[in-house]
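Structural features, examined
Read off the chains here:
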Amino acid sequence: MGVTRISTGSPFEKKAGYSRAIVDGGMVYVAGTTGYDYATMQMPEDVQAQAENCFLTIGKALKEAGASLNDVVRAHYYITDADYAEAVFEVTGKYFAEVRPAATMVVCGLIKSEMKVEIEVTARIGAGDR
């Protein structure tokens, strides 16, 4: 079984040379995803709105891979300010309260000043069926 590469059409994917997601066997690896609305290439100011956009993009990539947010087994959250943690938890809890993947949150710098959160996930197709 080969590797499948999934793209959202973001200009960043081509420029930086990466795929939004890779499907390898039953695993789906979704690249770090920031809060852009890729239809408009706009970034909301609010960190919660950015996190929502992250989940929308991740959800679309997982769907294309034959998975869903319910199949996520690992999540990494990167925020640029520790004060954003609670706001981001409101969003992660909305999507993962029942899924409860292994997760890590890190405070760090991101590559553009408007980016406040980046989310990366790993899913196993069918994990949410159990």
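Residues numbered from 1 in each chain as written. Predicted model: local features only at pLDDT ≥ 70, side-chain atom pairs only at ≥ 80, totals over all residues. Heavy atoms only, no water.

1. Section: the layout of surface pockets
Here the largest pocket is characterised by a volume of approximately 280 Å³. Taken together, 14 residues make up the lining of the largest pocket; nearest its centre are F12, A16, Y18, I111 and M115. If you list the elements that add at least two residues to the lining of the largest pocket, you get α1 (11–16) and β3 (27–34). Per-class residue counts for the lining of the largest pocket are eight nonpolar, two polar and four charged. As for the second largest pocket, its lining consists of T8, Y36, D37, Y38, A39, N53, L56, T57 and K60. Partitioning the lining of the second largest pocket into residue classes produces four nonpolar, three polar and two charged. (1 Å grid on protein atoms, 1.4 Å probe; cavity = no way out; pocket = protein on both sides within 12 Å on 5 of 7 lines; lining within 4 Å. Points joined across faces, edges and corners; volume = space filled by probe spheres on them. Helix = DSSP H or I, 4+ residues; strand = E, 2+ residues; numbered from the N terminus. Nonpolar A, V, L, I, M, F, W, Y, C, P; charged D, E, K, R; others polar.)

2. What to know about the packing of helix α2 (residues 47–64) against helix α3 (residues 85–96)
Between α2 and α3, the shortest axis-to-axis distance is 8 Å and the interhelical angle comes to 30 degrees. Judged on the interaxial angle alone, α3 and α2 are roughly parallel. The crossing of α2 and α3 is right-handed. For the pair α2 and α3, contact is made by V47, Q48, A51, E52 and F55 and by A87, V88, E90, V91, T92, K94, Y95 and F96, respectively. (Axes fitted to C-alpha atoms, helices over the stretch in contact; angles between N-to-C directions. Parallel < 35°, antiparallel > 145°, perpendicular 65-115°, else oblique. Left-handed = near helix turned anticlockwise from the far one by under 90°. Contact = heavy atoms within 4.5 Å.)

3. Describing the pairing of strand β2 (residues 21–24)
Here β2 shows a buried face lined by A21 and V23 and an unburied face lined by I22 and D24. Judged from the four bridges that link them, strand β1 (residues 3–6) and β2 form a sheet pairing that is antiparallel. Counterpart to V3 in the pairing with β2 is D24. By the bridge criterion, four bridges tie β2 to β3 in an arrangement that is antiparallel. (Buried < 20%, exposed > 50% of the residue type's maximum accessible area, 1.4 Å probe, protein only. Pairing = 2+ DSSP bridges.)

4. Some points on the sheet that holds β3
Reading across the sheet, the six strands line up as β1-β2-β3-β6-β4-β5 and stay open at both edges, with mixed pairing between neighbours. The outermost strands of the open sheet, each flanked by one partner alone, are β1 and β5 (102–107). Here the average twist between neighbouring strands, direction ignored, is 10 degrees. Contacting β1, β2, β3, β4 (72–79) and β6 (117–124), α2 crosses the sheet at an angle of about 30 degrees to β6. Here α3 sits on the sheet in contact with β4, β5 and β6, set at roughly 160 degrees to β4.

5. Overview of the packing of aromatic side chains
The full count for this structure, using the stated rule, is four aromatic pairs. Ring geometry for F12 and Y36: centres 5.3 Å apart, planes at 50 degrees, overall tilted. With F12 in helix α1 and Y36 in the loop between β3 and α2, the pair connects residues that are 24 residues apart, well separated along the chain. Take F12: its relative accessible area is 21%, and that puts it in the partly exposed class. (Phe/Tyr/Trp six-rings, centres within 6.5 Å; stacked < 30°, edge-to-face > 60°.)

6. Focus on α2
Helix length check: α2, at 18 residues, gives a terminal C-alpha distance of 26 Å against a target of 26 Å (1.5 Å per residue), a fit within 8%. Within α2, burial applies to V47, Q50, A51, N53, C54, F55, T57, I58, A61 and L62. Two or three places before Q48, at the start of α2, stands the capping residue D46, its side-chain oxygen 3.0 Å from that residue's backbone nitrogen. Positioned one or two residues after α2, G66 has a phi angle of 90 degrees, which is positive. (Expected span 1.5 Å × (residues − 1). Polar contact = N/O pair within 3.5 Å; in protein donor to acceptor, adjacent residues only side chain to side chain.)

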